[in-house]
Amino acid sequence: MKILVIGGGGREHAIVTAIARSSKATEIFCAPGNAGIAELATCVPIGVMEFDKLIAFAKEEKIDLTVVGPDDPLVGGVVDAFEAEGLRVFGPRANAAIIEGSKAFSKALMRKYNIPTAAYETFSDAEEAVAYIRAQGKYPVVLKADGLALGKGVLICGSEEEAVAGVREIMLDKHFGKAGDKMVVEEFMTGREVSALCFCDGKTIRCMTSSQDHKRAGDGDTGLNTGGMGTFSPSPFYTEEIHEICMKTIYEPTVAAMAAEGRPFVGVLYVGLMLTPEGPKVVEYNSRFGDPETQVVLPRMENDIVDVFEACVDGRLDEVTLSFADNAAVCVVLASDGYPQHYEKGFPISGLETFKNCKDKFVFHAGTKFGPDGEVLTNGGRVLGVTALGADLREARANAYAATEAISFANKYMRHDIGKAIDEA
Ligand code: AMP
Ligand code: GLY
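Caption draft 1: The arrangement of helix α6 (residues 103-112) in detail. Summarising burial for α6: seven of the ten residues are buried, a large majority. What α6 keeps buried is the set Lys 103, Ala 104, Phe 105, Ser 106, Lys 107, Leu 109 and Met 110. A positive backbone phi angle near 55° is found at Asn 114, which sits one or two residues after α6.

Set out below in C-alpha cells:
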C-alpha cells in the first residue's frame, strides 16, 4: 500500500515509524514531514491546510490510504474533502471532529448523554459570563475559549479579579481570535490527568495503552502551559478498575452519543481524563492522536497499525484486538530555551546518529529542518522527542534521560522530572 501521512511534527514521526513497521506499507509519503520523517518517508512540500494540493497529490500518486495527524485540517474538513473524491482516509469528518473543535459542543454532548465532566455554562456574552462567575463565587474557576487555540485557550483563574480579566482576554480582546466568540465557564477539578487514546470506527471503540503528559514548561509542573514537555506510558494511576469504569461511563457512551447525533466518530478519539475523588471525568476530547502521547504509546503497540487504520475506515474494528508490550516508555521533549515564548532557532543538532536502527530508543523530530549542506537544524519550540523503552517506568525513565545526553544543540532545554510521578504511585 502507498500511504500518505498529513502533518510534520513528533506525533507524525511516531505514526510514520509505526507505519514503516507494517508489512502492508510499501511506500510512505508525508506532507509536509520534517528532517527526521525524511529518513522513512518521502516528504512532500504541501501544507496541512492545502486540501486541493493534498488531494491532487493523492490522486497522482495513487495513494491507498491517507492518515491525518493534526487537529486543524480535521476540524476544517480534510476527511470530507478526500472522501468526496473517493479517496480512502483515516480520521473523523468535520461533523465529528467538532468534538475537539468546539468546547461548547463537547460540553453539551456530555450533558445530554450524562457523561461525567466538570459542571459548566456556555456564554456568548462577556457580561453574562462575569455575572455567572460572580454569582457562583467559587475559585479557582476554569475559562475555556470555545474553539481551537493551539492548546492555549484555557485559563485557570484563582480569584474574581483574575476571572474578570480572563473573560476580557478571551471574549473582548480576542486573544485566541474567533475561538473566543463563545466561552465555557467550568468548575475546577482536582486529580491525576491521564490521556486515553482510542481507535474508533463509528460504533466500536478500542483503547490504546494509557499515558500521561506534562504540559507545563518547568520542573515541578511550574511555568507556562506548552504543547507538552514529555510523556510516559502506561500511567500507574490508570488501573484496570478505572479502565472498566471509563469504558462504561465515558468511552462507549461517547461513541454511542456521536452515532446517535448523526456524527459517527471514525479515527482516534483522545479522551483527556481527570481521576477525581468522585471518579474519572472528562477534561477534554481531542479528535486525533495526542502529541507527545503518541511518541510513548505507538512504540509499545504490537499490532500492525495499517490493519487497525483499515479496520476503522471499514467499520470492522470489533474484529481487532489491540495488543501492547508489557513494558513502559518515557518521552523527554528537547525544546529551544525560551519556549513557549521567545526562542531562537536554526542551530545545528548533533548526536542524532546514535539512534539509528535502535529498537528501544527513538528520536522523534518535532521542529527540525535541513540546512543548506543537509545538516539537521532546530526549527521550532519543541525540537525533538527522545523516547526510550524499559522493562518498567523507572527503567524507561533512566534510559530516556541517558539518551538525551547524546544530543546537543546551542539552546537545548528540557524538564528533568518527566515521569517522576511514578515515584508516588
Ligand atoms: P484542555 O485544553 O481542555 O485540555 O485544558 C488544558 C489543561 O487545563 C488541562 O490539561 C488541565 O490541566 C487544565 N484543565 C482544563 N479543564 C480543567 C478543569 N475543569 N479543572 C482543572 N483543570 C482543568
Ligand atoms: N498532549 C496534548 C495534546 O495532544 O493535545
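The structure having been displayed, the exposition proceeds.
Caption draft 2: Structural view of the site of ligand 1. The environment of ligand 1 is made up of 15 residues, and the closest members are Glu 186, Glu 187, Met 189, Glu 193 and Glu 284. For ligand 1, an oxygen atom lies 3.2 Å from a polar atom in the side chain of Lys 103. Note that a nitrogen atom of ligand 1 is positioned 2.8 Å from one of the backbone N or O atoms of Met 189. Here ligand 1 has 470 Å² of accessible area as a free molecule, and 92% of this is covered by the chains. Of all the secondary-structure elements, those providing two or more residues to the shell around ligand 1 are β7 (141-145), β8 (154-157), β9 (183-187) and β17 (279-286). Considering only residue class, the shell around ligand 1 consists of eight nonpolar, no polar and seven charged.

Caption draft 3: Just the sheet that holds strand β10 (residues 192-201), in detail. Taking strand neighbours across the sheet as the criterion, the four strands line up as β11-β10-β16-β17 in an open arrangement whose pairing is antiparallel. The open sheet is flanked by β11 (205-207) and β17, the only strands paired with a single partner. Within the sheet, the average angular offset between the axes of one strand and its neighbour, ignoring direction, is 35°. The pairing of β10 with strand β16 (residues 266-276) spans ten bridges and is antiparallel. By the bridge assignment for β16, Cys 200 is matched with Gly 267.

Caption draft 4: Broad picture of the environment of Pro 277. Tracing the sequence through the fold places Pro 277 in the loop between β16 and β17. Classification of Pro 277 by relative accessible area gives exposed; the value is 71%.

Caption draft 5: Summary view of the site of ligand 2. Neighbouring residues of ligand 2: Asp 213, Lys 215, Gly 227, Tyr 270, Asn 286, Arg 288, Gly 290, Asp 291, Pro 292 and Glu 293. At 2.7 Å, a side-chain N or O of Glu 293 approaches a nitrogen atom of ligand 2. Against a free-state accessible area of 200 Å², the protein chains account for coverage of 89% of ligand 2. Of the residues assigned to the shell around ligand 2, the class counts are two nonpolar, three polar and five charged.

What counts, and where the lines are drawn
- All residue numbers refer to position in the chain's written sequence, counted from 1.
- Labels follow written order: the first chain is A, the first ligand is 1, and so on.
- Local features in this predicted model are restricted to residues whose pLDDT is 70 or higher, and side-chain atom pairs enter the listing and the counts only when it is 80 or higher, whereas totals over whole chains, interfaces and linings include all residues.
- Water and hydrogen atoms play no part in the side-chain values, which are based on all heavy atoms of the structure.
- Buried residues are those whose accessible area, probed at 1.4 Å on protein chains only, stays under 20% of the maximum for their type, while exposed residues exceed 50% and partly exposed ones sit between those limits.
- What counts as a helix is a DSSP run of H or I of at least four residues, what counts as a strand is a run of E of at least two, and both are numbered from the N terminus.
- If a single non-hydrogen atom of a residue is within 4 Å of a molecule or strand, that residue counts as near it.
- Within 3.5 Å is the distance limit for a polar contact, defined as a pair of N or O atoms, with the added protein rule that one can donate a hydrogen and the other accept it, and that residues adjacent in sequence qualify only through two side-chain atoms.
- All accessible areas in this document rest on Shrake-Rupley with a 1.4 Å probe, and a residue is counted as covered only by the protein chains that are shown.
- Side-chain classes follow a simple rule in which Ala, Val, Leu, Ile, Met, Phe, Trp, Tyr, Cys and Pro form the nonpolar group, Asp, Glu, Lys and Arg form the charged group, and the remainder, Gly included, forms the polar group.
- Two strands pair if DSSP finds at least two bridges between them.
- The axes are straight lines fitted to the C-alpha atoms, using for helices just the contacting stretch, and the angles between their N-to-C directions are given from 0 to 180°.

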